[in-house]
Structures are given as structure tokens and as C-alpha cells.
Amino acid sequence: MQTNQTVDYSKKWLVLSSVSMGIFLATIDGSIVNISLPTLVHAFETDFALVQWVVLSYLLTVTTLMLGVGRLADIYGKKRIYTTGFIVFTVGSVLCGLSPTIQALIGFRVVQAVGASMTMALGMAIVTEAFPGHERGRALGITGTVVSVGIAIGPTLGGFIIQNVSWHWIFFVNLPIGILGTWM
């Protein structure tokens, strides 16, 4: 038996803005750290092979968890998992910035990546549901652009932050956007 339900699309741009923030943070963090690797080698007085795990732990965790996160969202709801992901990512970012050792930084990058996997896995699905069929292509195109911009801006922003502040701020920079995105 089929029922006629009307879907409320009135908040579609707010939804797109929130999802775009999550996607931007998750993708920028995949590339912002790359530029800081030599700085991290010096700051933690360790070798480059160990510091590479700061990047690898993030990417491996995101990649590994995305499929499972999608299934959890089917069970518990996309909005709940997405919002939790924003919170986990933001807390993970702060913990990364406060890391006293390279091992702690690698571990906190895994925490950060758990949150990122939640936002990345569900962002497109949420946007798809928020927009009517005739506008979905444009909305998904915007999110695709956000992915590209995040990946492209990461190294430049990371270099600027490393040059002018300290490596800690490549993680702290996520805090205001993470709080705003969670609220939205």
C-alpha cells in the first residue's frame, strides 16, 4: 500500500551547507597534514617513516570504515550518525593538536578519521534526500566541488599555518568549523 507523502525541501540549502562543511573538513584533513611531515619529524624528534603514519592512519581508517558507517546509518539514522561524526571529528582534531607524542598524534588521527568517515560516508546520501529530483544533480555537483577544493586547499593552508603559527594549528583550525557544522 502506497501513501502520498509530501517531502519538506525548505531546509535543503542549510542541509547542503552543513554537509559541505563536513565534507570540506574531512577532505582538507586528508591533505593539510602532508605539508607538515618534515616539521613533525623535527618537533617529535623521530624518523620520517613513523611520522608518515599520521597521514596513513587517517586515510586507512576513513577508507576502512565508510561502508560499515553506511550500514549503521541505515539502522540508526543518517542524521544521528552524521552529527556524531562531526562531534568525533572535532574532538579528534583538538586531541591531535594537543598531542604530546607522535604515537598519541597517530592514535588521535584515527579518532579524527572515525568522525571523518561518518561525515564522508553519509554526506552525499543526506544531500540526495534533502533535494528534489530535479535539483539533485546541482547539489551533488556542489558537494563534488567542495571535495576538490578541500583536497586542493589543504597543502596551501597547511604550509601557511606551519610557516606562521605552529603544527598544532593545522588541527585546531578545524574547531570553529566543526562546532558550527555540528550546530547546523
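Residues numbered from 1 in each chain as written. Predicted model: local features only at pLDDT ≥ 70, side-chain atom pairs only at ≥ 80, totals over all residues. Heavy atoms only, no water.

So, the environment of Ser 166
Stated precisely, the cut-off is as follows: A helix here means a DSSP run of H or I that spans at least four residues, while a strand means a run of E at least two residues long, and both kinds are numbered starting from the N terminus. Buried means the residue's accessible area, taken with a 1.4 Å probe over protein chains only, is under 20% of the maximum for its type, while exposed means over 50%, and partly exposed covers the values in between.
Its location among the elements puts Ser 166 in the loop between helix 6 (136-164) and helix 7 (169-172). When its relative accessible area of 23% is taken as the criterion, Ser 166 is described as partly exposed. In this structure the C-alpha to C-alpha distance between Ser 166 and Thr 39, which are 127 residues apart in sequence, comes to 9.0 Å.

Re a nonpolar patch on the surface
Applicable threshold: Only residues whose relative accessible area exceeds 30% and that form no salt bridge enter a patch; like-charged residues are grouped when within 9 Å of one another, and nonpolar side chains (Val, Leu, Ile, Met, Phe, Trp, Tyr) when within 5 Å. All accessible areas in this document rest on Shrake-Rupley with a 1.4 Å probe, and a residue is counted as covered only by the protein chains that are shown. Any Lys or Arg side-chain nitrogen located within 4 Å of an Asp or Glu carboxyl oxygen qualifies as a salt bridge.
Together, Trp 53, Leu 56 and Leu 60 make up an exposed nonpolar region whose accessible area comes to about 280 Å². Along the chain, the position of Leu 60 falls in helix 3 (residues 48-76).

A few points about the environment of Gly 70
Note on placement: Gly 70 falls in helix 3. Remark: the alpha-carbon pair of Gly 70 and Met 118, spanning 48 residues in sequence, is separated by 8.0 Å.

A few points about helix 3
Put simply, the test is: By definition here, a helix of n residues has an expected span of 1.5 Å times n minus one. We define the bend at each residue as the angle formed by axes fitted to the 7 residues ending at it and the 7 residues starting at it. Between two residues, a contact is recorded if the distance between any of their heavy atoms is within 4.5 Å.
Taking 1.5 Å per residue, 29 residues should reach 42 Å; helix 3 reaches 40 Å between its end C-alpha atoms and fits that length. Along helix 3, the helix axis deviates most sharply at Met 66, where the bend reaches about 45 degrees. Within helix 3, the full set of buried residues consists of Val 51, Val 54, Val 55, Ser 57, Tyr 58, Thr 61, Val 62, Val 69 and Ala 73. Contact partners of the buried residues in helix 3: helix 1 (12-31), helix 2 (37-44), helix 4 (78-97) and helix 5 (102-130). Phi for Gly 77, located one or two positions after helix 3, is positive at around 110 degrees.

Quick word on unusual backbone geometry
Its identity is not glycine, yet Glu 45 carries a phi of approximately 50 degrees, on the positive side. Within the element layout of this structure, Glu 45 appears in the loop between helix 2 and helix 3.

Some words on the packing of helix 2 against helix 3
Let me state the cut-off plainly: All axes here are fitted lines through C-alpha atoms, helices being fitted over the stretch that makes contact, and every angle between N-to-C directions spans 0 to 180 degrees. In this scheme, roughly parallel covers angles under 35 degrees and roughly antiparallel covers those over 145, while 65 to 115 is roughly perpendicular and the rest are oblique. Two helices cross in a left-handed way if the nearer one is turned anticlockwise from the farther one by less than a right angle. They cross in a right-handed way if the turn is clockwise. In this count, Pro and Cys sit with the nonpolar residues alongside Ala, Val, Leu, Ile, Met, Phe, Trp and Tyr, while Asp, Glu, Lys and Arg are called charged and the others, Gly among them, polar.
In contact at an axis separation of 9 Å, helix 2 and helix 3 are set at 120 degrees when each is read in the N-to-C sense. By the angle between their directions, the pair helix 2 and helix 3 is classed as oblique. By crossing handedness, the relation of helix 2 to helix 3 is classed as right-handed. Each of Leu 37, Leu 40 and Val 41 in helix 2 lies in contact with helix 3, whose residues at this interface are Phe 48, Val 51, Val 54 and Val 55. Looking at the contact of helix 2 with helix 3 residue by residue, the classes come out as seven nonpolar, no polar and no charged.

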